[in-house]
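Commentary on secondary and tertiary structure
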Amino acid sequence: MSRYWGRRLLQAIPLSLGVVVLTFVLIHAAPGDPVATLAGEQSTAQYQAQLRHDLGLDRPLYVQLVRYVAAIVRGNLGYSFTFGQPVLALILARTPATLLLMATALVISTILGVALGVETATHARSPWWNLASVAAAIAYSLPAFWVGEILILIFAVQFRWLPIVGMTSLEGYSGLAHWLDLGRHLVLPTLTLVSFNLALFARLTRASMLEVLAQEYVVVARAKGLTPRNVVYKHALRSALLPVITIVGLNLGTMLAGFVLVETVFGWPGLGRLTFDAVGARDYPVISGLFLLTSEAVIAANLLTDLLYGIVDPRVRYA
Amino acid sequence: MLGGSIVALLALAALCAPLLTPYDPLRRGGLALLAPRAGHWFGTDDLGRDTFTQVLYGMRVSLMIGVTSAATAVVIGVLVGACAGYFGGAADDVLMRLTELFQVIPRIFLLILMVALLGQRLVVITTAIGVLSWPGTARLVRAEFLSRREAEYVMAARAIGAGAARIIFRQILPNSLAPVVVNGSLLVGGAILLEAGLAFFGLGDQNTISLGQMIYAAFPLMRDAWWASLFPGLFLSLIVVAFNLVGDGLNEMFNPRALPR
């Protein structure tokens, strides 16, 4: 078992390094000379050469790469000129807001999505559930930010039931009122995110469930006289969920894209909003820092899901 | 199939755009911010351009981006998957690590970086999306190749002296195309959504109209002109839904196990 874990960990390391190298390459692929930009138009060639030497930009590329990696390991991701803060501090400050939104949306989508997937798979001949499948297919295709805009239009602008943007109101509540206010602001962004993710989970679970239900051991379980609910939820679901976990892990990148766009539409002060602002200001240190951190986070999440998979399905460990 | 007919209809509409509307999509000068009415079915935007016309032309661009990126992704994916699946061993390991790397990275961030750094032109956007979407196809093709590698017809081809390339392209690949086609159709939808996302960040190609860019432009107008964001988004969704339905339909056709019993 530990051999499996060790192997997966070892595989994750070159992946992480690969991401770092990729970021480095992209930063250096940008057209334009940063030294010329920094030094200004009036500078002499001598000053530029001096600046280049001071910044270490005259060293060979592999030396720069090593220095870059060393800096990252020490937590130095660069400095943001737009926000006036070190990049790492900036990103860490915005993370809790994003985590709140993400956690809420994911928990709801997972529970409802899996349930929907199971039901549409087991009641596949009923027209109502078929309609639900089609609805899921449609919900999966809608661009998240557009859905967000429409929801804002309907609920916040037209009916004025819910706030339009932001995470908290200007009044500055405290205590219970603060949490209620937070909750009110959470509703629309979560709804937007849930619609897409729920559809994704439902589709995946349904596809996986359909394959599992066709297996022989399900027939045996039914023949043994177990209730349909028992067969489905205790026996079939376990096997059906395994590929779902893997695919979700692989799709984390796509889901992140959804989060980023939705945060922007709703003015939620998290990482997505940060991305939008940084892109608008062409603040490359922040953008590449975000890319690096999110990629590493996804790699870590994939590692976790693989390890989880190894615990749940013993066959994988010896492959 | 419902999806197929929708795609056909929309493609037709996009192609016939000049015939369906007397307006020039880029021409300003009309009355700005008109609600939908007789002469302007979808209203006008803040510069007086007719939204219906823009949607029609925008569909062209979005469709083209989607199909081209998906095609690029499929070509790269097939090549990588075929080599990994057929040759196995070290080549397989290296290619799979590469595939994992590209699959795990959140595409939106890499896309933003690439487009912001390399330029906001249509070519760059299309190529970048294609380059970031191939891992799924590669895995599918690799799985197909791994299972077909030891088939008898492959052994026969080897026995008569066929080289690796010939075996790959003329023997195994034609049999493996079914899941690739399904995946390709889903890729088109994904590519179109990615481009729309990019446009939403303001990173679309400024010289062309695409549906994503229309949504981006309509964002600040939301309160006054709901039609400017509703219609492009509606048609964008319609295109993506159509392609996804086509993909689902093809999947059911090729894979009977996925059908409900």
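In this numbering scheme, every chain counts its residues from 1 along its sequence in written order. Lettering for chains starts from A, numbering for ligands starts from 1, and both go in the order in which the items are written. Reporting in this predicted model follows two pLDDT cut-offs: at least 70 for local features of residues, and 80 or more for side-chain atom pairs to be given and counted; totals over whole chains, interfaces and linings ignore these cut-offs and use all residues.

What follows is about the nonpolar core. In a soluble, globular protein the nonpolar side chains are often hidden away together inside. If you look at the biggest cluster of nonpolar residues, it comprises 144 residues, and the most contacted ones within it are Ile287 and Leu290 of chain A together with Leu111, Ile112, Val115, Ile192 and Ile239 of chain B. No other element matches helix α3 (residues 51-87) of chain B, which puts 17 residues into this core. Working definition: the nonpolar core is a set of buried Ala, Val, Leu, Ile, Met, Phe, Trp, Tyr and Cys residues, joined through C-beta atoms within 7 Å. Any residue whose C-beta has 12 or fewer other C-beta atoms within 10 Å is treated as exposed, any with 20 or more as buried, and any in between as partly exposed, C-beta atoms being built from the backbone. Only DSSP runs of H or I covering at least 4 residues are called helices, and only runs of E covering at least 2 are called strands; the numbering of each starts at the N terminus.

Right, let's talk about helix α9 (residues 216-223) of chain A for a bit. With zero of eight residues buried, α9 of chain A lies mostly on the surface of the structure. Two residues or fewer past α9 of chain A, Gly225 of chain A is found with a positive phi of approximately 100°.

Averaged over all residues, the pLDDT of chain B is 74; the fraction at 70 or higher stands at 75%. Between the elements of chain B, mean pLDDT differs from a low of 51, seen in helix α2 (residues 17-20) of chain B, to a high of 85, seen in helix α6 (residues 122-132) of chain B. Confidence of the predictor at the level of single residues is given by pLDDT, which spans 0 to 100.

Moving on to the environment of Ile152 of chain A. All names here are of chain A. Residue position: Ile152 is located in helix α7 (residues 144-158). With 24 C-beta atoms packed within 10 Å, Ile152 lands in the buried category. Counting along the chain gives 39 residues from Ile152 to Leu191, while the straight-line C-alpha distance between them is 11 Å.

Attention shifts here to helix α8 (residues 152-159) of chain B. With respect to burial, α8 of chain B is a largely exposed element, only zero of its eight residues being buried. One or two steps after α8 of chain B, the chain reaches Gly161 of chain B, where phi turns positive at roughly 95°.

What follows is about the interface of chain B and chain A. By convention, interface size is frequently given as the accessible area that disappears when the constituent parts associate. Each residue gets a C-beta atom placed from its backbone, and two residues are in contact if those atoms lie within 7 Å. With 41 residues of chain B in contact, the opposing surface of chain A contributes 44 residues. Of all elements in the fold, only α4 (89-104), α5 (107-118), α9 (164-200) and α11 (226-254) of chain B reach the threshold of two or more residues within the side of chain B that touches chain A. Three classes are used, and their members are as follows: Ala, Val, Leu, Ile, Met, Phe, Trp, Tyr, Cys and Pro are nonpolar, Asp, Glu, Lys and Arg are charged, and the others, Gly among them, are polar. The residue makeup of the side of chain B that touches chain A, split by class, is 26 nonpolar, eight polar and seven charged.

A few words now on the environment of Val240 of chain B. For Val240 of chain B, the location among the structural elements is in helix α11. Using a count of 25 C-beta atoms within 10 Å as the deciding quantity, one classes Val240 of chain B as buried.

It is worth spelling out the packing of α5 of chain B against α9 of chain B at this point. Residues and elements named next belong to chain B. Between the N-to-C directions of two axes lies an angle of 0 to 180 degrees, each axis being a line fitted to C-alpha atoms and, for a helix, fitted only over the stretch in contact. One way to put it is that α5 packs onto α9 with a least axis distance of 11 Å and a crossing angle of 55°. Viewed along their axes, α5 and α9 adopt a mutual orientation that is oblique. Crossing geometry of α5 relative to α9 is assigned as right-handed. Contact residues: Arg107, Ile108, Leu111 and Val115 in α5; Leu194, Gly197 and Leu198 in α9. Residues belonging to the contact of α5 with α9 are distributed by class as follows: five nonpolar, one polar and one charged. An angle counts as roughly parallel when it lies under 35 degrees, as roughly antiparallel when it exceeds 145, as roughly perpendicular when it falls between 65 and 115, and as oblique in every other case. Each helix crossing is assigned a hand: it is left-handed if the near helix lies turned anticlockwise from the far helix by less than a right angle, otherwise right-handed if that turn is clockwise.

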